[in-house]
Amino acid sequence: MPDRFFQKGKIIMKLHIAVLAGDGIGPEISKVGVDVMEAVCRKFNHEVTFTPALCGAAAIDAVGDPFPEETFEICRQADAVLFSAVGDPKYDNNPAAKVRPEQGLLAMRKKLGLFANIRPVQTFDCLVHKSPLKEELVRGADFVCIRELTGGMYFGAKKEGDDEAFDTCAYTRPEVERILKVAFEYAMRRRRHLTVVDKANVLASSRLWRKVAQEMAPNYPEVTTDYMYVDNAAMRMIQEPRFFDVMVTENTFGDILTDEGSCITGSMGLLPSASTGESTPVFEPIHGSWPQAKGKNIANPLAQVLSVAMLFEYFNLMDEAALVRRIVDKSLDENVRTPEIQVEGGGVYGTKEVGAWLVEQIEAC
Ligand code: IPM
Ligand code: MG
């Protein structure tokens, strides 16, 4: 926990933030996140320091490692990591590449023990028309996907030969228990409905998940727990997104379902996430590095800004988080929007302009 002290009855924090801007649009949205966080901290008298560190393709280019030891040390010593995005097309179509930017992200998750990835799927009333789904289906959808982040196929035994290749989906009981505990506790703080998503009709690892969940469920009698196969869950999310409150699932299923979830809201540029576990928590947008938009000042910084709100909430700084969310809502209401969500005839705002507007509003209130 960061240092804290009281001043005139208010908690004042000293926050050390590691800033991993990464690749593509990462540096542009990172700057907005940092500026907004700084403005809110100024308003509430918190002391905040930002330490930039290399990751992803930027780190491969500079030092040949997508998550260098020095970056790990900076993250380990920080109170939180504000992460943006990694990925570069020069690696995407090159199966022979020895190192990839994404390995930096996976190394960060593993080394910081970030086993719980919290991805809220929330709709904004003024944007439901942007959803590819019917407005009446989407309006009011509000659920959280809790994705296991350090196990499963991403990290299981692998073989990559010319004639045979495999990835293993392996889970141990303690790994399943700790993520389910996070999920049950989340459900307790929300509408008390937990959906455990698996493929227990086929996969042994899923049957372990289901068995452990069934053992734990009686400890949370207020929570309605149901079990759903992942293929069915993918369908239900489209047919009736309001069915879900909290869903919990293994790493790969969670990766796929959260991209699907992000479409429900209408823009991927609006969804933040938090990854927590054994060491420093990480706050990041769920979208990727969008290399085609790099340097064009068109990327939506709101997912990054909302990840700052999640950061404040993690440290129980609820007024600070509420201010960030209020200002984001206001920017949408007043059509201060990046091109992909701008209404016809609306003003032209780039990443920087949206950022400057948010900071101005925070200072003015
Ligand atoms: C995500 C991303 C990553 C993942 C990639 C970039 C490795 O898709 O955070 O969802 O697959 O976990
Ligand atoms: Mg993904």
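Everything below is about the structure printed above this text.
Not measured: the values here are computed from a predicted model.

Student: Help me out: how do you make sense of the packing of helix H1 (residues 26-43) against helix H11 (residues 302-314) in this one?
Tutor: With their axes 8 Å apart at the nearest point, H1 and H11 run at an angle of 40 degrees to one another. On the basis of their axis angle, the class for H1 and H11 is oblique. Pair H1 / H11 crosses with right-handed handedness. Here H1 contributes Ile-29, Ser-30, Val-32, Gly-33, Val-36, Met-37, Val-40 and Cys-41 to the contact with H11, which in turn contributes Gln-304, Val-305, Val-308, Leu-311 and Phe-312. Here the contact of H1 with H11 is built from residues that sort into ten nonpolar, three polar and no charged.

Student: Teacher, can you tell me more about the environment of Ala-187 here?
Tutor: Tracing the sequence through the fold places Ala-187 in helix H7 (residues 173-189). A relative accessible area of 0% places Ala-187 in the buried class. Separated by 38 residues in sequence, Ala-187 and Thr-225 have C-alpha atoms that sit 9.4 Å apart. When near neighbours in sequence (up to four residues on either side) are disregarded, Ala-187 contacts Arg-192, His-193, Leu-194, Val-223 and Val-246.

Student: Explain the site of ligand 1 to me, please; I cannot follow it from the model alone.
Tutor: Every residue near ligand 1 is listed here: Glu-102, Leu-105, Arg-109, Arg-119, Arg-147, Tyr-154 and Asp-255. A distance of 2.8 Å separates an oxygen atom of ligand 1 from a polar side-chain atom of Arg-147. Bound to the protein, ligand 1 loses 77% of the 320 Å² it would expose on its own. Of the residues forming the shell around ligand 1, the biggest block, three residues, is contributed by helix H5 (residues 101-111). In this structure, the shell around ligand 1 is formed jointly by two domains, domain 1 (1-115 + 277-365) and domain 2 (119-271), each of which donates at least three residues.

Student: Sorry, what's going on with the side chain of Arg-109 here?
Tutor: For Arg-109, the location among the structural elements is in helix H5. Of the side chains bearing the opposite charge, Glu-284 lies closest to the buried Arg-109, which forms no salt bridge; the N-O distance is 4.4 Å.

Student: I would appreciate a short explanation of unusual backbone geometry in the present structure.
Tutor: At Arg-192, a position not held by glycine, the phi torsion is positive, near 60 degrees. For Arg-192, the position within the fold is in the loop between H7 and strand E9 (193-198).

Student: Sorry, what's going on with the pairing of strand E5 (residues 116-122) here?
Tutor: Side-chain direction in a regular strand flips from residue to residue, so the side chains alternate between the two faces of the sheet. The element E5 is extensively covered by neighbouring structure, given that six of its seven residues are classed as buried. Examined bridge by bridge, E5 and strand E12 (residues 272-276) share three bridges and lie antiparallel to one another. In the strand pairing of E12, Asn-117 is matched with Ser-275.

Quick notes on the rules
- Residues numbered from 1 in each chain as written.
- Chains lettered and ligands numbered in written order.
- Predicted model: local features only at pLDDT ≥ 70, side-chain atom pairs only at ≥ 80, totals over all residues.
- Heavy atoms only, no water.
- Axes fitted to C-alpha atoms, helices over the stretch in contact; angles between N-to-C directions.
- Helix = DSSP H or I, 4+ residues; strand = E, 2+ residues; numbered from the N terminus.
- Parallel < 35°, antiparallel > 145°, perpendicular 65-115°, else oblique.
- Left-handed = near helix turned anticlockwise from the far one by under 90°.
- Contact = heavy atoms within 4.5 Å.
- Nonpolar A, V, L, I, M, F, W, Y, C, P; charged D, E, K, R; others polar.
- Buried < 20%, exposed > 50% of the residue type's maximum accessible area, 1.4 Å probe, protein only.
- Near = heavy atom within 4 Å.
- Polar contact = N/O pair within 3.5 Å; in protein donor to acceptor, adjacent residues only side chain to side chain.
- Areas by Shrake-Rupley, 256 points an atom, 1.4 Å probe, with all protein chains shown as cover.
- Domains from an automatic or database assignment.
- Lys, Arg positive; Asp, Glu negative; His and termini not counted.
- Salt bridge = Lys/Arg side-chain N within 4 Å of Asp/Glu carboxyl O.
- Pairing = 2+ DSSP bridges.

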